[in-house]
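What follows is the residue order along each chain.
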Amino acid sequence: MNKFYHIVTYGCQMNVHESEKIAGILSGMGYESCDFPEQADIVVFNTCCIRENAENHAFGNIGMLKKLKQAKKDMIIAVGGCLPQQMNKAENLHEKFPYVDIIFGTHNLHDLQSLIEKKRRQKKTVIEIEDSEGEICEEDKPLRTSYPNAWVNIMYGCNNFCSYCIVPYVRGRERSRDSRKIIEEVRSLIAEGYREITLLGQNVNSYRGDLTFPQLLEEIAKLDGKFRLRFMTSHPKDFSPELIEVMAKYPKICHCLHLPVQSGSDRILKAMNRKYTSAQYLEKVAALRKRIPDCAITTDLIVGFPGETDEDFRATLALAKKVNFASAFTFVYSKREGTVAAKMPDQVPEEVSKARIMELVELINSQTRALSQTYIGKTIEILCEDYDGKRGLYMGRDEYGRMGYFPCDKNVVGQFVNIKVEQANGVSLTGNIVD
Ligand code: 5AD
Ligand code: SF4
């Protein structure tokens, strides 16, 4: 009889890729993927805890499975990833949801098979939260779900301890993969037909193998075949002239950079422990634009960090105006227990943060819309990612990360196509294929 798994993923690309590794483990055990928890023999929640709403979202969905579990006693529910890795959270989860069978942390992912086998032998909940990160496990073969893109981890963990951020506590210290293993993985992905490689790390610029990050990127960019190369995330403090040179030299490296600034106020940047000033950030942006004028720059911004005054917030708006980001993720500061910022005085009232985020989103949207308008009439190269059944159009992205939709009477997923842009609706473009 066939056995089925269903994975629910929250959070960043790192988690999306780790869910592919979970899928790899489960398929190695003979499970097949299914679309709904009702059909599944095992449901895995791969969780995130970066902001409170990410946690609440997961809690809500785990709660909704209670009835299903009562009706399907043999179904296994596993909750893993960043949420249970936080201090005392695994116990809380167990108390709140006693019907969850397996609770595992970020460093236990590769043990999932043995945790499932253990659960089959024992009645009580299996809880495995490793405190230390240990060696990098190269054994997990992901079952990839994002063709024609392939995510490739180059490093794990973070040493930066930005004062608001829980990531260093749940993902441990920085560990870099062996550069030869990374290059081999990319080489075989290209041979398999992947057309976009995205290198992943919390701060790729602090990659420390026998190569530096710019050297690693260069080696990958030299590989044969037509593919696009992206990477994320870059911490501004480590974003270097060497990296700009490599980006400029190799056409395979997309002219697109995610460079989270978080705030435009030097006082707040200092309190956030970001280790750069707004002027230093702007200098890096200017150096990048001087060498690669068409480079799209995207960012992350936080409003309502403790002590943020209206003047600080205005500085964030001013910086966003100056840089003219291609797009940005905007967040309301969320207090994370155990971080330095959680103990800071002057937490900003919710209404103030809400008003600020609305103003910031309006600015970013207007910049994104204006940039979209400049595309009209231009021809862009899109890597087709998917067919959007609702719109009846294929979709993909250009090298700058802009989404483009187009009609086509044959399946072109995984192919590069040239589109003449006819319409720009907010962040996405629509057009027709041209030769
Ligand atoms: N509150 C709000 N946003 C946060 N981020 C990280 N921690 C928090 C927090 N406590 C944001 C940062 C980071 C992105 C991944 O999430 O902007 O760059
Ligand atoms: Fe969090 Fe800062 Fe590390 Fe990014 S660099 S994961 S924001 S601590």
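To start, this report covers the structure provided alongside it. Treat the numbers as computed from the prediction; the structure is a model and nothing was measured.

1. Quick word on helix α6 (residues 112–121)
Listed as buried for α6 are Leu112, Leu115, Ile116 and Lys119. With its buried residues spanning 100° around the axis, α6 presents them on a single face. Structurally, α6 contributes buried residues whose contacts are with α1 (13–28), β2 (31–33), β3 (42–47), β4 (76–81), β5 (102–104) and β6 (126–128).

2. Some remarks on the nonpolar core
In terms of nonpolar packing, the biggest core is built from 54 residues, with Ile197, Leu199, Phe213, Ile220, Phe231 and Tyr281 touching the most fellow members. Excluding residues within four positions of it along the chain, Ile220 makes contact with Ile182, Ile183, Val186, Leu199, Phe227 and Leu229.

3. A closer look at the site of ligand 1
Every residue lining ligand 1 is accounted for by Ile50, Arg51, Tyr164, Gln262, Asp300, Ile302, Phe331, Val332, Tyr333, Ser334 and Arg336. Between Arg51 and ligand 1, the recorded distance is 3.0 Å, taken from a side-chain N or O atom to an oxygen atom. At 2.6 Å, a side-chain N or O of Asp300 approaches an oxygen atom of ligand 1. Those elements that provide at least two residues to the shell around ligand 1 are β13 (296–303) and β14 (327–332). Here the residues of the shell around ligand 1 are counted per class, giving six nonpolar, two polar and three charged.

4. Comments concerning the pairing of strand β19 (residues 428–434)
In the sheet, strand β17 (residues 403–406) pairs with β19 via three bridges, with the strands oriented parallel. Bridged to Gly404 within β19 is Leu429. The sheet contact formed by strand β18 (residues 416–425) and β19 spans seven bridges and is antiparallel. In the strand pairing of β19, Lys420 is matched with Asn432.

5. With respect to the packing of aromatic side chains
Per the counting criterion, the structure on display carries 10 aromatic pairs. Ring geometry for Tyr276 against Tyr281: centres 6.2 Å apart, planes inclined by 35°, an arrangement best described as tilted. Residue Tyr276 shares its accessibility class with Tyr281, and that shared class is buried. Their ring planes at 70° and their centres at 5.5 Å tell us that Phe305 and Tyr333 sit as a pair that is edge-to-face. A residue pair is termed long-range when its members are at least 10 positions apart, and Phe305 in the loop between β13 and α13 (310–323) and Tyr333 in the loop between β14 and α14 (350–373) qualify at 28 residues.

6. A look at the sheet that holds β17
Here five strands make up a closed barrel; going around it, the order is β15-β16-β17-β19-β18 and the pairing mixed. Averaged over neighbouring strand pairs, the angle between their axes works out to 55° when direction is ignored.

7. With respect to the side chain of Arg274
Note on placement: Arg274 falls in the loop between α11 (266–271) and α12 (278–291). A distance of 3.0 Å separates polar atoms of two side chains, one belonging to Arg274 and the other to Tyr276. Not counting the four nearest positions on each side in its chain, Arg274 is found in contact with Cys162, Tyr164, His235, Pro236, Lys237, Pro260, Gln262 and Leu269.

8. Focus: α1
An ideal rise of 1.5 Å per residue puts 22 Å on 16 residues; α1 measures up with 23 Å between its terminal C-alpha atoms. Burial within α1 is extensive, with 12 of its 16 residues counted as buried. Among the residues of α1, those classed as buried are Met14, Asn15, His17, Glu18, Ser19, Glu20, Lys21, Ile22, Ala23, Gly24, Ile25 and Leu26.

So, how was this worked out
- Residues numbered from 1 in each chain as written.
- Chains lettered and ligands numbered in written order.
- Predicted model: local features only at pLDDT ≥ 70, side-chain atom pairs only at ≥ 80, totals over all residues.
- Heavy atoms only, no water.
- Buried < 20%, exposed > 50% of the residue type's maximum accessible area, 1.4 Å probe, protein only.
- Helix = DSSP H or I, 4+ residues; strand = E, 2+ residues; numbered from the N terminus.
- Arc of directions from axis to C-beta.
- Contact = heavy atoms within 4.5 Å.
- Core = buried A, V, L, I, M, F, W, Y, C linked by side-chain atoms within 4.5 Å.
- Near = heavy atom within 4 Å.
- Polar contact = N/O pair within 3.5 Å; in protein donor to acceptor, adjacent residues only side chain to side chain.
- Nonpolar A, V, L, I, M, F, W, Y, C, P; charged D, E, K, R; others polar.
- Pairing = 2+ DSSP bridges.
- Phe/Tyr/Trp six-rings, centres within 6.5 Å; stacked < 30°, edge-to-face > 60°.
- Axes fitted to C-alpha atoms, helices over the stretch in contact; angles between N-to-C directions.
- Expected span 1.5 Å × (residues − 1).

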